[in-house]
Amino acid sequence: MRLYHSSNVPVEKPDTKHSRLYLDFGRGFYLTSLHEQAVRYAQRFKRRGQQAWLNTYDLNCDERMWKVKRFESYDKEWLDFVAQCRDGKDVGYYDLVVGGIANDRVIITLDRYFTGDISQEKALGLLRFEKPNIQYCIRSEQMLKDCLTFIESKEL
């Protein structure tokens with residue numbers, strides 16, 4: 001499967017060590033299967049006056065051999081998982097987590113939910129109309145090494 005990672009540098013040898021804490025699915029190497037989404041995301045680097053690079057990879061592995069968590073929609077399970085990750089709490093060990101991104105509109109809803117401004121039911125109601133963008137978070141160095149192959153980096 002072809003996956004993309006946007007960055008301000010070429011990333012030939014990805015790792016989880018450079019990941020920020022408190023992201024949607026915790027610390028890991030984040031990618032997407034949506035080319036347009038990756039290109040849009042790379043524009044944030046250009047807005048900051050930096051270079052923007054689109055890194056392309058091939059993910060090839062038998063998921064049955066790895067601990068994988070998939071979210072098919074913005075639902076209660078996704079909301080609880082993201083809330084815990086963004087709060088820095090342990091969500092269990094996974095090699096790969098796949099699901100929707102908390103985009104700007106989703107983040108506003110999440111912030112209101114986290115502060116208690118809206119209930120879980122209200123948050124889920126608002127999220128129901130969001131079309132998930134897809135993110136892949138590889139959380140284990142071993143999976144990066146065994147399953148992800150660098151193809152190329154292109155400056156945008």
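Structure first, text after, so check above.
Visitor: Account for the packing of aromatic side chains, naming residues and giving values.
Guide: Per the stated rule, a full pass over the model turns up eight aromatic pairs. Aromatic pair Y74 and W78: ring centres 4.5 Å apart, planes at 70°, arrangement edge-to-face. We classify Y74 as buried; its relative accessible area is 6%. Judged by relative accessible area, which is 0%, W78 ranks as buried. Each residue in the set F25, F71, F81 and Y94 is aromatic and connected to the rest through ring pairs, giving one cluster. For the cation-ring pair, K67 lies above Y94, with the distance from its terminal atom to the ring centre recorded as 5.0 Å.

Visitor: Please set out the environment of H5 residue by residue, giving values where relevant.
Guide: Mapped onto the fold, H5 is located in strand β1 (residues 2–7). Beyond its immediate sequence surroundings of up to four residues, H5 is in contact with V11, F29, Y30, L31, W53, L54, N55 and Y57. A polar atom in the side chain of H5 sits 2.7 Å from the backbone oxygen of Y30.

Visitor: Report on the side chain of T32, specifying residues and quantitative values.
Guide: With respect to the element layout, T32 can be found in the loop between β2 (29–31) and α1 (35–47). Each residue touching T32, except ones within four places of it in the same chain, is listed here: R2, L3, Y4, Q37, A38, I134 and Y136.

Visitor: How would you summarise the pairing of strand β3 (residues 53–59) if you had to cite specific residues and measurements?
Guide: Of all the seven residues making up β3, six are buried; the element is thus mostly covered by neighbouring parts of the structure. Pairing between β1 and β3: six bridges, direction antiparallel. Of the residues in β3, the one forming a bridge with S7 is W53. Across seven bridges, the pairing between β3 and strand β7 (residues 148–155) is antiparallel.

Visitor: So, the pattern of salt bridges: which residues are in play, and what are the values?
Guide: Any two side chains of opposite charge can pair, on the condition that their charged atoms come close. Evaluation of the coordinates by the stated rule reveals eight salt bridges. The partner of D62 in a salt bridge is R64, and the shortest N-O contact between them spans 3.0 Å. On the basis of relative accessible area, R64 is assigned to the exposed category, the value being 73%. The residue E152 makes a salt bridge to K154 at a minimum N-O spacing of 3.6 Å. Of the residues examined, E152 reaches a relative accessible area of 32% and is grouped as partly exposed. For K154, a relative accessible area of 46% translates into the label partly exposed.

Criteria and thresholds
- Residues numbered from 1 in each chain as written.
- Predicted model: local features only at pLDDT ≥ 70, side-chain atom pairs only at ≥ 80, totals over all residues.
- Heavy atoms only, no water.
- Phe/Tyr/Trp six-rings, centres within 6.5 Å; stacked < 30°, edge-to-face > 60°.
- Buried < 20%, exposed > 50% of the residue type's maximum accessible area, 1.4 Å probe, protein only.
- Lys NZ or Arg CZ within 6 Å of the ring centre and 35° of its normal.
- Helix = DSSP H or I, 4+ residues; strand = E, 2+ residues; numbered from the N terminus.
- Contact = heavy atoms within 4.5 Å.
- Polar contact = N/O pair within 3.5 Å; in protein donor to acceptor, adjacent residues only side chain to side chain.
- Pairing = 2+ DSSP bridges.
- Salt bridge = Lys/Arg side-chain N within 4 Å of Asp/Glu carboxyl O.

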